[in-house]
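Here's the letter readout for the chains.
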Amino acid sequence: MTGLPDRATRSGGELDGFRIGYLPPDVGELVSDFASEWEDVTFATRVWERQVDDGYRVDLRVHVLRGDRLGTLAELRDFLAEYHERDDVDWALTDFQHGEDPGLIGAAEAFWLAAPGVAVNVLTDPERFAADTVRAITQRISAVAADLASPPDLGDPLVR
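Let us look at the structure shown here.

**Structural notes on the overall build of the protein chain**
Now for step 1: Check the secondary structure of the protein chain and you find two helices and ten strands.
Now for step 2: When the helices and strands of the protein chain are listed from N to C terminus, the series reads β-β-β-β-β-α-β-β-β-β-α-β.
Now for step 3: Within the protein chain, counting contacts between residues at least 6 apart in sequence, those at least 24 apart form 51% of the total.
Now for step 4: Of the roughly 9200 Å² of accessible surface on the protein chain, a fraction of 50% belongs to carbon and sulfur atoms.

Given below as structure tokens:
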């Protein structure tokens, strides 16, 4: 026994109300979290990188997006096309279900609408991971609790 975690069952932890339950065995060990906002949508992002000869390379990114403009899957797709600078004609995506949530999946990315205004976006390095890896990662991402897909309303702290 080496005392090191079993990389085959390593999880990605929790990110803004979602549990990342599976990471590919060879995903990079350097993990960074970021919070950002773009076009009235907030992002909680976790990135896994590995060291290469000329610096670092991103293996996997998971974004949890929150914003009123993400009310439907079509609105989410339009937003991500603009954010990721995708050409609608060349962006090869197919429908998939993440549990009961509608989503779209491609060779190196997937996204789904977890609730109106709440979405998850997963992107992998297509040179490093096969298309089925994206599906494996997405199928093991779940809301920490059913009511946590949307952030809790704590109300006025003086009124209890």
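**Comments concerning the pattern of salt bridges**
Now for step 1: Per the stated rule, a full pass over the model turns up ten salt bridges.
Now for step 2: A salt bridge links Arg57 to Asp125; the shortest N-O distance between them is 3.2 Å. Of this pair, Arg57 sits in strand β5 (residues 55-66) while Asp125 is found in the loop between β9 (118-124) and α2 (131-139), placing the two residues 68 residues apart along the sequence.
Now for step 3: For Asp125, a relative accessible area of 5% translates into the label buried.
Now for step 4: A single salt-bridge network, built from bridges that share partners, covers Arg50, Arg57, Asp59, Asp125, Glu127 and Arg128.

**Remarks on the packing of aromatic side chains**
Now for step 1: Under the definition given, this model contains seven aromatic pairs.
Now for step 2: With a centroid separation of 6.3 Å and 90 degrees between ring planes, the pair formed by Phe96 and Trp112 is classed as edge-to-face. Of the two residues, Phe96 is situated in strand β6 (residues 94-98) and Trp112 in strand β8 (residues 109-115); the sequence distance between them amounts to 16 residues.
Now for step 3: Under the relative-accessibility criterion, Phe96 is labelled buried at 5%.
Now for step 4: Overall, Trp112 belongs to the buried group, its relative accessible area being 1%.
Now for step 5: Taken together, the aromatic side chains of Trp38, Phe43, Phe79 and Tyr83 make up a single cluster linked through ring pairs.

Each value, and the rule that gives it
Residues numbered from 1 in each chain as written. Predicted model: local features only at pLDDT ≥ 70, side-chain atom pairs only at ≥ 80, totals over all residues. Heavy atoms only, no water. Helix = DSSP H or I, 4+ residues; strand = E, 2+ residues; numbered from the N terminus. Contact = heavy atoms within 4.5 Å. Areas by Shrake-Rupley, 256 points an atom, 1.4 Å probe, with all protein chains shown as cover. Salt bridge = Lys/Arg side-chain N within 4 Å of Asp/Glu carboxyl O. Buried < 20%, exposed > 50% of the residue type's maximum accessible area, 1.4 Å probe, protein only. Phe/Tyr/Trp six-rings, centres within 6.5 Å; stacked < 30°, edge-to-face > 60°.

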